[in-house]
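# Structural features, examined
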Amino acid sequence: QVQLVESGGGLVQAGGSLRLSCAASGRTFSSYAMGWFRQAPGKEREFVASISGRAGITYYADFVKGRFTISRVNAKNTMYLQMNNLKPEDTAVYYCAAGSTRMVPREYDYWGQGTQVSVSS
């Protein structure tokens, strides 16, 4: 059993930055891979980034274009998504997930409740 809680979302202007956090509890944090997804109104949930459990290998969606950085601090049981140079099209609910580094939602076993990110022009 793994519980995930996202935080750090909010409303920012285009070009601004946000740092999302995902706090994990239940099982050993370092033992599983994790990722970030996002979902805009009326659209399917899409992959943003992921990171492996021990080696910390990272993966990014093409639309990130070097603007986002995923990281984890296992001693704090926390994963982060640093988002810089935000664009209006980044507006979505962002979800933390655990169990895979793959880019499809069905590969993940655990999900947080989501945190809203809104970017104005």
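Residues numbered from 1 in each chain as written. Predicted model: local features only at pLDDT ≥ 70, side-chain atom pairs only at ≥ 80, totals over all residues. Heavy atoms only, no water.

It is worth spelling out the pattern of salt bridges at this point. Taken as a whole, this structure holds 3 salt bridges when the rule is applied. For glutamate 46, the salt bridge identified is with arginine 38, shortest N-O distance 2.8 Å. Its relative accessible area of 6% is what places arginine 38 among the buried residues. Here arginine 67 and aspartate 90 are joined by a salt bridge, their closest N and O atoms 2.7 Å apart. Of this pair, arginine 67 sits in the loop between strand 6 (58-60) and strand 7 (68-73) while aspartate 90 is found in the loop between strand 8 (78-83) and strand 9 (92-98), placing the two residues 23 residues apart along the sequence. The two residues arginine 67 and aspartate 90 agree in class, both being buried. Salt bridges here are not isolated pairs; linked through shared partners, they connect Arg38, Glu46, Arg67 and Asp90. (Salt bridge = Lys/Arg side-chain N within 4 Å of Asp/Glu carboxyl O. Buried < 20%, exposed > 50% of the residue type's maximum accessible area, 1.4 Å probe, protein only. Helix = DSSP H or I, 4+ residues; strand = E, 2+ residues; numbered from the N terminus.)

If you walk through the whole model with that rule in mind, you get 4 aromatic pairs. A centroid spacing of 5.7 Å and a plane angle of 75 degrees characterise the contact between phenylalanine 37 and phenylalanine 47, whose relative ring orientation is edge-to-face. With phenylalanine 37 in strand 4 (residues 34-39) and phenylalanine 47 in strand 5 (residues 46-51), this pair connects stretches of sequence that are 10 residues apart. Exposure class is identical for phenylalanine 37 and phenylalanine 47. Each is buried. Taken together, the ring pairs in this structure connect Phe37, Phe47, Tyr108 and Trp111 into an aromatic cluster. Over the ring of tyrosine 80 we find arginine 19; its NZ or CZ atom is 4.2 Å from the centre of that ring. If you follow arginine 45 out to its NZ or CZ, it ends over the ring of tryptophan 111, 4.9 Å from the centre. (Phe/Tyr/Trp six-rings, centres within 6.5 Å; stacked < 30°, edge-to-face > 60°. Lys NZ or Arg CZ within 6 Å of the ring centre and 35° of its normal.)

Attention now goes to the nonpolar core. Judged by nonpolar contacts, the single largest core of 32 residues is most densely connected at Trp36, Leu81, Met83 and Tyr94. Where this core is concerned, the elements lending two or more residues are strand 3 (18-25), strand 4, strand 5, strand 7, strand 8, strand 9 and strand 11 (115-120). Residue contributions to this core peak at 5 residues, all from strand 9. (Core = buried A, V, L, I, M, F, W, Y, C linked by side-chain atoms within 4.5 Å.)

Let's shift gears to the state of the cysteines. Here, disulfide denotes a covalent bond that connects the sulfur atoms of two cysteines. Scanning the model with the defined rule gives 1 disulfide in all. Between the sulfur atoms of cysteine 22 and its disulfide partner cysteine 96 the distance amounts to 1.9 Å. Of note, the bridge from cysteine 22 to cysteine 96 carries an S-S torsion of about -65 degrees and is left-handed in sense. With cysteine 22 in strand 3 and cysteine 96 in strand 9, this residue pair connects regions lying 74 residues apart in the sequence. Of the residues examined, cysteine 22 reaches a relative accessible area of 0% and is grouped as buried. (Disulfide = S-S within 2.5 Å.)

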